[in-house]
Amino acid sequence: QVPELEKATVRIQQPERVRGIIQALREQGVAKLQVISDFDMTLSRFGCNGRRCPTSHNILDTSRVISEDGKKKLKDLLHYYYPIEIDPNRTLEEKRPLMVEWWTKAHELLVQQKIHKGDIAQIVRESEAMLRDGFKEFFDQLHKNNIPLFIFSAGIGDILEEIIRQANVFYSNVNVVSNYMDFNDDGVLTHFRAPLIHTYNKNNTVLQGTGYFQQLSTRTNIILLGDSMGDLTMADGVPSVENILKIGFLNDKVEERRGKYLDSYDIVLESDETLDVVNGILQYILTET
């Protein structure tokens, strides 16, 4: 079916089941398909040139518009809360209020920096942000076939939109739900718009009132792309799901997390900086049967 599934980076716990889902996606056709994806470290690269690539938050946190003091405080928050975010021994119920705390404090710090709307494009241009190899084919294929792409991100919407725009792939079929900034008449950041989206509330609770998935009620087949356990709930707002294929990028601590990812995602891509497998599956599905 899909030669890309033979890549060394691919792991699949239930190959027969996965084959069946891919077959169903193909047979039922493009009109029923939608793609729901995380952004940071899923559509964007995890590593580049032997270093970690920045997330949409990192891009802003480390940019020249943040004071040294601000940078230090943001780093302190990261060192305190990130271990909690990835701690396998804490429940989601324990983690959620702490994630809200982290994001809220970080956003308050950013607001104190009086960031200008006009600086964002330049901040992104100067950053090391990179989309995964194969991104152009991915965005182009979806656009050409009128397949909605829903990007659901706990990052910063203004930054990630700018990354996509500068890559020349911000097409009309792309919709983003993320943490967006609000600026005053002078173009200065005053606050972040509600609802706050963090790693562990990427589900229906923050989509209420958007009506996005309701408008797409005939799109009952889903390809979901994520890189964390929190991304698995991104399709929860879809009114009725017939087939869902969950593809997980396992970027870090591969040995330690493998079991968990294989149990949760249909296809796991280990330390794979490309969208080759996703593009291969799309190509197969979009080939006229």
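Quick caveat, the model's predicted, so the values are computed rather than measured. (Residues numbered from 1 in each chain as written. Predicted model: local features only at pLDDT ≥ 70, side-chain atom pairs only at ≥ 80, totals over all residues. Heavy atoms only, no water.)

Asks: Sorry, what's going on with the state of the cysteines here?
Replies: When the sulfur atoms of two cysteines share a covalent bond, that bond is a disulfide. Under the counting rule described, the total for this entry stands at one disulfide. Paired through a disulfide, Cys48 and Cys53 show a sulfur-sulfur distance of 2.0 Å. For the residue pair Cys48 and Cys53, the accessibility class agrees, reading buried in each case. (Disulfide = S-S within 2.5 Å. Buried < 20%, exposed > 50% of the residue type's maximum accessible area, 1.4 Å probe, protein only.)

Asks: How do you make sense of the domain arrangement of the chain when you look at a structure like this?
Replies: Note: interface size is frequently given as the accessible area lost on complex formation between the parts. Under the domain assignment used here, the chain contains domain 1 (3–46 + 130–286) and domain 2 (48–126). In this assembly, 32 residues from domain 1 lie in contact with 31 residues from domain 2. For the domain 1 and domain 2 pair, buried surface summed over both sides reaches about 2,800 Å², with 68% attributable to carbon and sulfur atoms. Among the residues domain 1 hides against domain 2, the three largest losses belong to Ile159, His198 and Tyr200. Together they make up 22% of the total. (Domains from an automatic or database assignment. Contact = heavy atoms within 4.5 Å. Buried area = accessible area lost by both parts, 1.4 Å probe.)

Asks: What is the right way to read the side chain of His198 from this model?
Replies: The topology assignment puts His198 in the loop between strand E8 (189–192) and helix H8 (212–215). Of note is the side chain of His198, whose polar atom sits 3.0 Å from the backbone nitrogen of Tyr200. Ignoring anything within four residues of it in the chain, the contact list for His198 reads Arg96, Met99, Val100, Trp103 and Ala154. (Helix = DSSP H or I, 4+ residues; strand = E, 2+ residues; numbered from the N terminus. Polar contact = N/O pair within 3.5 Å; in protein donor to acceptor, adjacent residues only side chain to side chain.)

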